[in-house]
Amino acid sequence: MAARSQARWQRGHVVEAELVAEGVRRIVLEVEHPEHAAPGTHVDVALTAQGRQQTRSYSVVRSEGGGRRLTLSVQLSPASRGGSQAMHALAVGDELTVTGPVQSFPLAVGAGRYVLVAGGIGVTALVAMASALRRRGADYELVLLGRSRRVMAYLDELSAEHGDRVRVHVDDEGTPLSVPDLVGEIAAGSNAATTELYMCGPIGLMDAIRSSWTDHALPPTNLRFETFGSSGRFGAEEFLVRLPQLDRDVAVAPDTSILDALNAAGVETLSDCRKGECGLCLAKIVEVDGTLDHRDVFLSEAQKQRCTNLCLCVSRAVAGDSGDRATVTLHLT
Ligand code: FES
C-alpha cells in the first residue's frame, strides 16, 4: 500500500509556457480550487507518459491570485522518456490533473540567519523562500550554483530581486562553490548556532554540505533540504530488480523508479515521501551486479557504503565494468 499526500486532486490548465533557461520550461497553471502555496510547497502532477500513469512532484515557484495561478518549472531530463518530456510538451490551454499545494520543506520563522543553497534546477524550491525572507526583512543569503549561466533558471530575476544577497558559482566560469569554505564561514559566524541552511540540488552537493555541517558540529536540525532536482552520481539507465521471495524479475526503465516499476507490476510496497527522505520504502539488498546509486538522503554515508538497504523510491543501479545491464536482488520487508 502506498500512502500519498492527502491533498485533493483537481483540474488545472496551462496559461503560460515558455523556456526560461536552456532545457528549463516555466509552466503557469490556473487551478480550479485555489489555495495559497506557502514557500517550500510542491504539487503532484498526474501524467500519462509512455502509456503509463505516473506522478511527478514539482516545487511551486510562485503562487499568485490566492493560489489560483501556480508557477512550476521543469528541467528536461536527457534520459526522460516520460515525466519531464510530457511536461515540456504542454502548451497554453492544455489541461492536466494536479494536487493542491503540499508542504514538505517549510521555512522556519526566527532563525538568526538563513543561507539558501540551490544547485541547478533545485532553485525552484528556493525562489519563493528567498522572496518571503526579503519581505520579512530577514538576514539571508542565496547561493546559486550551475554548470553554466545558460542553464540556470531565474538567475537574472533573482539577482534583480535580491541584489548583493545573491552569490553565484558557475562551473564554466571557473567559480565553483567550495563547500568547506561556505560551511566554515557559517560555523565561524557570530550567529552560527541560529543559522539555518536550506538546500536543494544534486545529491553530491547535498552530501558534501551534510558532511561538512557534521564536521563543524553545527546543529543538525538547522540543516534542511528538499530533494527535488536531485540527480544521482550516474545517469539513469535501465536495470533489473530480482525478487526471489516473489519469484519475480522487474525491469526498471530510465525514467521510472524501482517503486513505480514494482507497483506497475502489481507488487505492493510501503512508501510515503517518494523522494528518499522518510525511509518507509527501505528494502534489503541481497546482491548487486553493477554499481548502486543510492540517491536518497535518509541513509547515512556509512549505511550507504555498507549497502545492506536501499530506498525503492529513488535508488538506481548502473552497469559495472562488464557493461551488462545491472541487476539488483532485493528482499522486501
Ligand atoms: S518513500 Fe520515503 S524514502 Fe522512499
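None of the values given here were measured: they were computed from a predicted structure.

Engineer: Give me the lowdown on the overall build of the protein chain, citing residues and values where you can.
Structural biologist: Each helix and strand in the protein chain was counted, giving seven helices and 20 strands. Relative to a compact globule of 333 residues, whose C-alpha radius of gyration would be 20 Å, the protein chain shows 20 Å and is just as compact. Once the C-alpha set of the protein chain is aligned to its principal axes, its extents read approximately 60 × 50 × 35 Å. Pairs at least 24 residues apart make up 68% of the contacts formed inside the protein chain by residues separated by at least 6 positions. Taken as a whole, the protein chain presents about 14,700 Å² of accessible surface, with 49% of it coming from carbon and sulfur. Charge separation in the protein chain, taken as the distance between the mean sites of 33 positive and 41 negative side-chain charges, equals 3 Å.

Engineer: Please give an account of the pattern of salt bridges that cites residues and values.
Structural biologist: The full count for this structure, using the stated rule, is 22 salt bridges. Put simply, R26 and E16 hold a salt bridge, and the shortest N to O gap is 3.1 Å. Remark: E16 occurs in strand 1 (residues 9-21) and R26 occurs in strand 2 (residues 24-31); sequence separation between them is 10 residues. The exposure class of R26 is buried, given its relative accessible area of 18%. The exposure class of E16 is partly exposed, given its relative accessible area of 29%. E161 is paired through a salt bridge with R134; the nearest N and O atoms lie 3.0 Å apart.

Engineer: Report on the packing of helix 4 (residues 179-188) against helix 5 (residues 203-215), specifying residues and quantitative values.
Structural biologist: Where helix 4 meets helix 5, the closest approach of the two axes is 9 Å, and the angle between their N-to-C directions is 40°. In terms of their interaxial angle, helix 4 and helix 5 are classed as oblique. Once helix 4 is placed against helix 5, the crossing between them reads as right-handed. Counting all contacts with helix 4, which are made through V179, P180, V183 and I186, the residues of helix 5 involved are L205, A208, I209, S212 and W213. Considered class by class, the residues forming the contact of helix 4 with helix 5 number eight nonpolar, one polar and no charged.

Engineer: Any details on the sheet that holds strand 18 (residues 309-311)? Residues and values, ideally.
Structural biologist: The strand order 15-14-20-16-18 describes an open sheet built from five strands, whose pairing is mixed. Looking at which strands have only one partner, the edges of the open sheet turn out to be strand 15 (248-252) and strand 18. Strand after strand, the sheet turns through a mean of 40° between neighbouring axes, direction not considered. Across three bridges, the pairing between strand 16 (residues 282-289) and strand 18 is antiparallel. Counted as the bridge partner of L282 is C311 from strand 18.

Engineer: How would you summarise the domain arrangement of the protein chain if you had to cite specific residues and measurements?
Structural biologist: Splitting the protein chain by domain gives domain 1 (9-102), domain 2 (113-226) and domain 3 (239-331). Computed from C-alpha coordinates alone, the two centres of domain 1 and domain 2 are separated by 24 Å. Facing 14 residues of domain 1, the contacting portion of domain 2 comprises 16 residues. Of the roughly 1,300 Å² buried where domain 1 meets domain 2, counting both sides, 53% is carbon and sulfur surface. A per-residue breakdown of the area domain 1 buries against domain 2 is headed by E22, V61 and R62, which together make up 38% of the total. On inspection of domain 1 and its partner domain 2, the count reaches three salt bridges. Between R150 and E22 there is a salt bridge, with its nearest N and O atoms 2.8 Å apart. Taken together, the elements giving at least two residues each to the side of domain 1 that touches domain 2 come down to strand 1, strand 2 and strand 6 (69-75).

Engineer: Describe unusual backbone geometry, with residues and values.
Structural biologist: Note: most peptide bonds trans; most residues except glycine with negative phi. At Y154, a position not held by glycine, the phi torsion is positive, near 70°. At C307, a position not held by glycine, the phi torsion is positive, near 55°. Its location among the elements puts C307 in the loop between helix 7 (301-306) and strand 18. Look at C307 and you get partly exposed, because its relative accessible area is 27%.

Engineer: Run through the pairing of strand 9 (residues 113-119), naming residues and quoting values.
Structural biologist: In regular strands, side chains alternate between the two faces of the sheet. Buried residues dominate strand 9, accounting for seven of its seven residues. Across the two faces of strand 9 the burial is the same, with R113, V115, V117 and G119 and Y114, L116 and A118 all buried. Direction of pairing for strand 9 relative to strand 12 (residues 195-200): parallel, over a ladder of six bridges. Its bridge partner lying in strand 12, A118 is registered against C200.

Engineer: Just give me the short version of the state of the cysteines, but keep the residues and values in it.
Structural biologist: A disulfide bridge is the covalent bond that connects two cysteines by way of their sulfur atoms. According to the stated counting rule, one finds zero disulfides in the structure shown. Here C200 is not disulfide-linked; the sulfur of C273 is the nearest cysteine sulfur, at 13 Å. With a relative accessible area of 1%, C200 lands in the buried category.

Engineer: Which residues make up the environment of R274, and what values go with them?
Structural biologist: Tracing the backbone through its elements, the reader meets R274 in the loop between helix 6 (258-264) and strand 16. Taking the relative accessible area as the measure of exposure, R274 reaches 22% and is therefore partly exposed. Between the alpha carbons of R274 and S300 there is a distance of 18 Å; along the sequence they are 26 residues apart.

Engineer: Any details on the confidence of the model for the protein chain? Residues and values, ideally.
Structural biologist: Averaged over the protein chain, the pLDDT score is 91; the fraction of residues at 70 or greater is 95%. Taken as a whole, residues 1-5 scores under 50 in pLDDT and shows 17 contacts with residues more than four places along the chain or in a different chain.

Reading guide: rules and limits
- Residues numbered from 1 in each chain as written.
- Predicted model: local features only at pLDDT ≥ 70, side-chain atom pairs only at ≥ 80, totals over all residues.
- Heavy atoms only, no water.
- Helix = DSSP H or I, 4+ residues; strand = E, 2+ residues; numbered from the N terminus.
- Rg over C-alpha atoms; globule rule 2.2 N^0.38 Å.
- Contact = heavy atoms within 4.5 Å.
- Areas by Shrake-Rupley, 256 points an atom, 1.4 Å probe, with all protein chains shown as cover.
- Lys, Arg positive; Asp, Glu negative; His and termini not counted.
- Charge placed at Lys NZ, Arg CZ, Asp CG, Glu CD.
- Salt bridge = Lys/Arg side-chain N within 4 Å of Asp/Glu carboxyl O.
- Buried < 20%, exposed > 50% of the residue type's maximum accessible area, 1.4 Å probe, protein only.
- Axes fitted to C-alpha atoms, helices over the stretch in contact; angles between N-to-C directions.
- Parallel < 35°, antiparallel > 145°, perpendicular 65-115°, else oblique.
- Left-handed = near helix turned anticlockwise from the far one by under 90°.
- Nonpolar A, V, L, I, M, F, W, Y, C, P; charged D, E, K, R; others polar.
- Pairing = 2+ DSSP bridges.
- Domains from an automatic or database assignment.
- Buried area = accessible area lost by both parts, 1.4 Å probe.
- Disulfide = S-S within 2.5 Å.
- pLDDT = per-residue confidence, 0-100.

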